[in-house]
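# Residue-level structural notes
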Amino acid sequence: MNSSYGILVVLAGPSGAGKTTLAHHLVDTFQSAMFSVSTTTRSLRGSEEDGADYFFVSREEFEKRIENGFFLEWAEVHGHFYGTSAEWVSGQLDDGRSVILDIDVQGALQVKAAFPESILIFILPASPEVLGDRLLNRNTDDSEIIIERMKAAAWETGWIGAFDYFIRNDRLEDSVKQVETILQGEENKLMNMPFPDEARVFEPDSFLGRDYWKNKRIIVTSGPTREPLDDVRFISNRSSGLMGSSMAEAFRDAGSDVLFVTGPACYINPPGVNTVNITTASDMLDILSSEVGEADLLVMAAAVSDFKPTSYMHGKMERAGEYELQMKATPDILSTLNKTVECMCPVLAFALEFGEDFEEKALKKMRRKGACAVFLNRGDISGISMEATGNEGMIIFEDGSSLMIHRCSKRYAAELVIAAMGRYMMKRTGGE
Ligand code: ADP
Ligand code: 5GP
């Protein structure tokens, strides 16, 4: 079993629920999984080894590390400090290994806030009686401590709603199967692995041209932008950001160096690409102005707001009977870049058009924007484009050639689009 992009899995839940048992099972079963050894201020117990079960340090040393930003998360649990090394975890994930954390609930919530793509699994004992028995049988704590841990268990279980999965650890053989299935399922998600080469072998013509993008610098814009009315409301649109993130993943897997510039989208930013989060059309223009000169392609998959309110109010506008909203056009990003950037890179535009003359409109847009290709979506077909997980459309090139993309997932559509775009660029540059 192997994953290409490491997954951060957090097992949390009451002490004695079975986190350590299940964490070690995952590490023993998945070649790609590593156990994160925490740092603690508590003293060594029984057969524990420094560096294997925990790194045991003094309170003073722990506090120094908090100050130095050493920890991804840390918490005081049962009167002692425990923490996870940020550098170690990032290093493992960057190397494509999954990381298993066995930590308390407070720490799990901190990890989710820092890494929204992490997977939180709550380990729930079958009943308070079973938990009490397990703590007693573990023989590591005296009865006073066990009473304290039973009280803490009730508090920790109150946080179960913040978790992605939970496992009722009754029969161990069932629980190990469940935890394995979760990790395997996460590793098999297309967004967590490169698009399988095997799929390409069956359809070599469709994917021809993809290799053109190896080591090329690509900027992908994605998601909607937001143009604020006040500190709470904004003008935006229904773009989910899925086509943009799928394009970024397709280029990433083709070996490109990807800069992903995204507005507030519904999806987690793709792993393995550099991401810049922006809010408004002007923010997007600013970042592109300084980046496009060095790029080999700009993919404008973002649905940039065309209008913004003419005024902005700090705080929250009062509810009133009638309110007149005045708007003005936002900067036309591609036109501005064409005028202001000395060495503008080629552009793949995206267009969502309505009406009989949708194709004509898209062609006009491509020429007006100086793009060398446009991916055209029809706004009057349901189940594709905005807010949909699938797509269908047509990529049209400046020389008049085109390719139909039949309905498929956005991830697959992105693979077909980058290959077609690669073939076109090879033709344009004479096969470079
Ligand atoms: P935690 O890490 O959550 O504190 P452990 O993994 O150390 O919990 O488990 C506590 C005790 O319960 C250990 O002795 C372990 O072997 C045992 N245990 C764990 N899961 C089960 C289970 N499903 N059935 C019976 N005993 C279990
Ligand atoms: P123990 O002292 O019994 O090994 O662990 C006590 C509790 O501390 C357990 O709930 C365990 O999951 C939690 N814990 C262990 N390491 C860490 C860590 O690095 N961070 C946090 N937040 N909790 C941890």
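Residues numbered from 1 in each chain as written. Chains lettered and ligands numbered in written order. Predicted model: local features only at pLDDT ≥ 70, side-chain atom pairs only at ≥ 80, totals over all residues. Heavy atoms only, no water.

## Side note on the packing of helix α10 (residues 242–253) against helix α14 (residues 410–429)
Running from N to C, α10 and α14 point in directions that differ by 55°, and their axes come no closer than 8 Å. It follows from the interaxial angle that α10 and α14 lie oblique. Both α10 and α14 take part in a crossing whose hand is right-handed. Contacts from Leu242, Met243, Ser246, Met247, Glu249, Ala250, Phe251, Arg252 and Asp253 in α10 reach Lys410, Arg411, Ala413, Ala414, Glu415, Val417 and Ile418 in α14. Looking at the contact of α10 with α14, its residues break down into nine nonpolar, one polar and six charged. (Axes fitted to C-alpha atoms, helices over the stretch in contact; angles between N-to-C directions. Helix = DSSP H or I, 4+ residues; strand = E, 2+ residues; numbered from the N terminus. Parallel < 35°, antiparallel > 145°, perpendicular 65-115°, else oblique. Left-handed = near helix turned anticlockwise from the far one by under 90°. Contact = heavy atoms within 4.5 Å. Nonpolar A, V, L, I, M, F, W, Y, C, P; charged D, E, K, R; others polar.)

## Notes on the packing of aromatic side chains
Each pair of aromatic rings is reported with the distance of its centres and the angle of its planes. This model, assessed by the stated rule, comprises 14 aromatic pairs. Seen in terms of ring centroids, phenylalanine 62 and phenylalanine 71 are 4.4 Å apart; in terms of plane orientation they differ by 25°. Their pairing is stacked. Each member of the pair phenylalanine 62 and phenylalanine 71 is classed as buried. Centre to centre, the rings of phenylalanine 62 and phenylalanine 81 are 5.3 Å apart; their planes meet at 45°, and the pair counts as tilted. One end of the pair, phenylalanine 62, is in helix α2 (residues 59–67); the other, phenylalanine 81, is in strand β6 (residues 80–85), and 19 residues separate them in sequence. (Phe/Tyr/Trp six-rings, centres within 6.5 Å; stacked < 30°, edge-to-face > 60°. Buried < 20%, exposed > 50% of the residue type's maximum accessible area, 1.4 Å probe, protein only.)

## Quick look at empty space enclosed by the protein
With the rule as written, the count across this model stands at one cavity of 30 Å³ or more. Size it by volume and the largest cavity reaches roughly 40 Å³. Lining the largest cavity we find Ser222, Gly241, Ser245, Phe260, Thr262, Ala265, Tyr267, Ile268, Asn269 and Pro270. (1 Å grid on protein atoms, 1.4 Å probe; cavity = no way out; pocket = protein on both sides within 12 Å on 5 of 7 lines; lining within 4 Å. Points joined across faces, edges and corners; volume = space filled by probe spheres on them.)

## So, unusual backbone geometry
We note that histidine 78 has phi near 45°; this positive angle belongs to a residue other than glycine. Relative to the elements of secondary structure, histidine 78 occurs in the loop between β5 (71–77) and β6. The exposure class assigned to histidine 78 is partly exposed, which follows from its relative accessible area of 26%. Of note, asparagine 215 is a non-glycine position whose phi angle comes to about 65°, a positive value.

## As for the pairing of strand β1 (residues 8–12)
By the criterion of burial, β1 is predominantly enclosed, with five of the five residues buried. Taking every second residue as pointing to the same face, both faces of β1 are buried, with Leu8, Val10 and Ala12 on one and Val9 and Leu11 on the other. Pairing geometry for β1 and strand β7 (residues 98–102), over four bridges, is parallel. Residue pairing in the sheet places leucine 8 in a bridge with valine 99 of β7. As paired elements, β1 and strand β8 (residues 119–125) share four bridges and run parallel to each other. Note on β8: the bridge partner recorded for valine 10 is leucine 120. (Pairing = 2+ DSSP bridges.)

## A closer look at the pairing of strand β13 (residues 257–262)
The buried fraction of β13 amounts to five of the six residues, a majority that puts the element mostly inside the structure. Direction of pairing for strand β10 (residues 217–222) relative to β13: parallel, over a ladder of six bridges. Across the sheet, the residue bridging to arginine 217 is aspartate 257, located in β13. The pairing of β13 with strand β14 (residues 274–277) spans four bridges and is parallel.

## Describing the side chain of arginine 149
Positionally, arginine 149 belongs in helix α6 (residues 143–157). At 3.0 Å, the side chain of arginine 149 forms a polar contact with the side chain of serine 15. The residues touching arginine 149, leaving out its near neighbours within four places in the chain, are Ser15, Arg45, His78, Leu135, Arg138 and Asp141. (Polar contact = N/O pair within 3.5 Å; in protein donor to acceptor, adjacent residues only side chain to side chain.)

## A short note on the side chain of aspartate 230
As for its position among the elements, aspartate 230 is in the loop between β11 (227–228) and β12 (234–235). Take aspartate 230: its relative accessible area is 2%, and that puts it in the buried class. Polar side-chain contacts of aspartate 230 include one of 2.8 Å to the backbone nitrogen of valine 232. A polar contact is formed between the side chain of aspartate 230 and the backbone nitrogen of arginine 233, at a distance of 2.6 Å.

## Quick look at the site of ligand 2
Residues in close proximity to ligand 2 total 16 residues, the closest being Ser38, Arg42, Tyr54, Tyr82 and Asp104. In this structure, an oxygen atom belonging to ligand 2 sits 3.1 Å away from a main-chain N or O atom of glycine 83. Compared with its free state, where it exposes 510 Å², ligand 2 has 95% of that area covered by protein. Of all the secondary-structure elements, those providing two or more residues to the shell around ligand 2 are β5 and β6. Along the lines of polarity and charge, the residues of the shell around ligand 2 split into five nonpolar, four polar and seven charged. (Near = heavy atom within 4 Å. Areas by Shrake-Rupley, 256 points an atom, 1.4 Å probe, with all protein chains shown as cover.)

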